[in-house]
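One letter stands for each residue in the lines below.
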Amino acid sequence: MKEIHYKDIVEEVAGMCQRANYNLGDDVYSAFKKALSSERSETGKEVLAQLIENADIAQAEQVPMCQDTGTAVFIVELGQDCHVTGGLLVNAINEGVAKGYGEGYLRNSMIYNPLNRKNTGNNTPAIVHIELVEGDQMVLHMTAKGGGAENMSALKMLKPSDGIEGVKEYILSVVKVAGPNACPPLIVGIGIGGNFERCAYLAKKSLFRPIGIRHPDPDVAALEEELIASINRLGIGPQGMGGSTTALDVKVEAESCHIAALPVAVNLNCHASRHQTAVL
Ligand code: SF4
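About the cut-offs
Residues numbered from 1 in each chain as written. Predicted model: local features only at pLDDT ≥ 70, side-chain atom pairs only at ≥ 80, totals over all residues. Heavy atoms only, no water. Buried < 20%, exposed > 50% of the residue type's maximum accessible area, 1.4 Å probe, protein only. Helix = DSSP H or I, 4+ residues; strand = E, 2+ residues; numbered from the N terminus. Pairing = 2+ DSSP bridges. 1 Å grid on protein atoms, 1.4 Å probe; cavity = no way out; pocket = protein on both sides within 12 Å on 5 of 7 lines; lining within 4 Å. Points joined across faces, edges and corners; volume = space filled by probe spheres on them. Nonpolar A, V, L, I, M, F, W, Y, C, P; charged D, E, K, R; others polar. Domains from an automatic or database assignment. Axes fitted to C-alpha atoms, helices over the stretch in contact; angles between N-to-C directions. Near = heavy atom within 4 Å. Core = buried A, V, L, I, M, F, W, Y, C linked by side-chain atoms within 4.5 Å. Contact = heavy atoms within 4.5 Å.

Burial within strand β2 (residues 71-79) is extensive, with seven of its nine residues counted as buried. Of the strand pairs in this sheet, β2 and strand β5 (residues 138-145) are connected by eight bridges, and their pairing is antiparallel. Residue pairing in the sheet places phenylalanine 74 in a bridge with methionine 142 of β5. Strand direction decides the pairing type here: β2 and strand β4 (residues 127-133), joined by seven bridges, are parallel. The residue bridging phenylalanine 74 from the neighbouring strand is valine 128, located in β4.

The subject of this paragraph is the layout of surface pockets. Put simply, the largest pocket is a space of about 610 Å³. Thr71, Ile127, Glu150, Asn151 and Lys204 are the residues nearest the centre of the largest pocket, which is lined by 27 residues in total. Mapped onto the lining of the largest pocket, the elements with two or more residues apiece are β2, β4, α5 (147-151), β6 (154-158), α7 (196-206) and β9 (262-269). For the lining of the largest pocket, the element with the highest residue contribution is α7, accounting for four residues. Across the lining of the largest pocket, the residue classes tally to twelve nonpolar, ten polar and five charged. Each of domain 1 (2-20 + 65-145) and domain 2 (148-271) gives at least three residues to the lining of the largest pocket. There is about 440 Å³ of room inside the second largest pocket.

An order of β4-β2-β5-β10 is seen for the four strands of this open sheet, with the pairing classed as mixed. Here the strands that pair on one side only, and so sit at the sheet edges, are β4 and β10 (274-279). Averaged over neighbouring strand pairs, the angle between their axes works out to 15° when direction is ignored. In the sheet, β5 pairs with β10 via six bridges, with the strands oriented antiparallel. Bridged to alanine 144 within β10 is arginine 274.

The local shell around the ligand consists of Cys66, Gln67, Asp68, Gly146, Gly147, Gly148, Ala149, Cys183, Cys270, His271 and Arg274. For the shell around the ligand, the element with the highest residue contribution is α5, accounting for three residues. Here the residues of the shell around the ligand sort into four nonpolar, five polar and two charged. In terms of domain composition, the shell around the ligand takes at least three residues from each of domain 1 (2-20 + 65-145) and domain 2 (148-271).

Further remarks concern the nonpolar core. Core analysis: the largest hydrophobic core is formed by 45 residues, its most contacted members being Phe32, Val188, Ile190, Leu248, Val250, Val252 and Leu268. Where this core is concerned, the elements lending two or more residues are α2 (26-38), α3 (42-61), α6 (163-178), β7 (186-194), α8 (218-232), β8 (247-257) and β9. Filtering out sequence-adjacent residues up to four positions away, leucine 268 remains in contact with Lys145, Ala149, Glu150, Met152, Ser153, Val174, Val175, Ala178, Ala182, Leu186, Ile187 and Val188. If you look at the next biggest cluster of nonpolar residues, it comprises 28 residues, including Ile9, Val13, Ala92 and Ala126.

As C-alpha cells, this is what we get:
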C-alpha cells in the first residue's frame, strides 16, 4: 500500500491551478496554429493570431490567459492500493485550490450558494470526481473551466427513436445557440448514454482528452470527425466573428444506457481550455 500525504496533494494542486491558468496546453496552442493556417476568414485569422499572442504573453509573464480563471474541476484516478494520510483527499484538493488561486492572484469565482451569491473568497469548493482504479498511484487531472462556455452547455433526454441523426441534430443546435457566448473556437465535449447525471459526467470527462486524440472505438472516432466538420460549417468562427474555425475539436464518450433512453450532454469548452495532469 502506497501512502501519499495530505500536504503533498495540497502543494501539487496549488501548482496545477497556477500552471493551468498561465500556460495554455501544447495541444490547444498547436490547434490554434493549425487553425490559423486553415481559417478562411480574414477576421477569423486575426482573432486566432490575437489568441496566440495572448497565450504567449500569459506564459512569458506568468499571468492568467483570461480574466475568468474558472471553476477548478478535478478527475482523480485513485489506485485502490493508494492511501491518503494526514487528512481527507477532497479537503487537500480544496486547500490546494485556495492556496494556488490565492498565491497566484487568480480571480475567485466561486460562491457559497446560488441563492445568496456570496463569494467564498478562495475559489473553493472545487468540483471533484473520483474514479477508483487498479494500482497504487494517484493521477490528478485538473481543468480550470470557464463559466461562459459552461453556461451554454446543455443536456437532453432524447428518445431512442431519434437515433444517431437526432443526436447529431441536437449537438449542432446547442453549438448554434451558444454562438459567440461560449468563447469559440470551442472544444465540444459530448456524453451519450448512461443516465441523466452519468451523461453529463461523460461529456465533462471527454474534455480531459487532449486535442487531436481520437476515441479508440472507430465508430465513435468517425462521429467525432463528422461533428468537427459539421460544426465548422456553421460559420460562427473564432470569438463568433465568422469563419471556418468554430470547433478546434469534438470529443465523444459513449456508454450503455436503458432501452427507453438516449441521453445526450454537450459540455462546451472555450478557447482557454486549461488542463493539467499530475501523478503522485
Ligand atoms: S468562457 Fe473561457 S474564454 Fe470565455 S471568459 Fe470564461 S474562461 Fe475566458
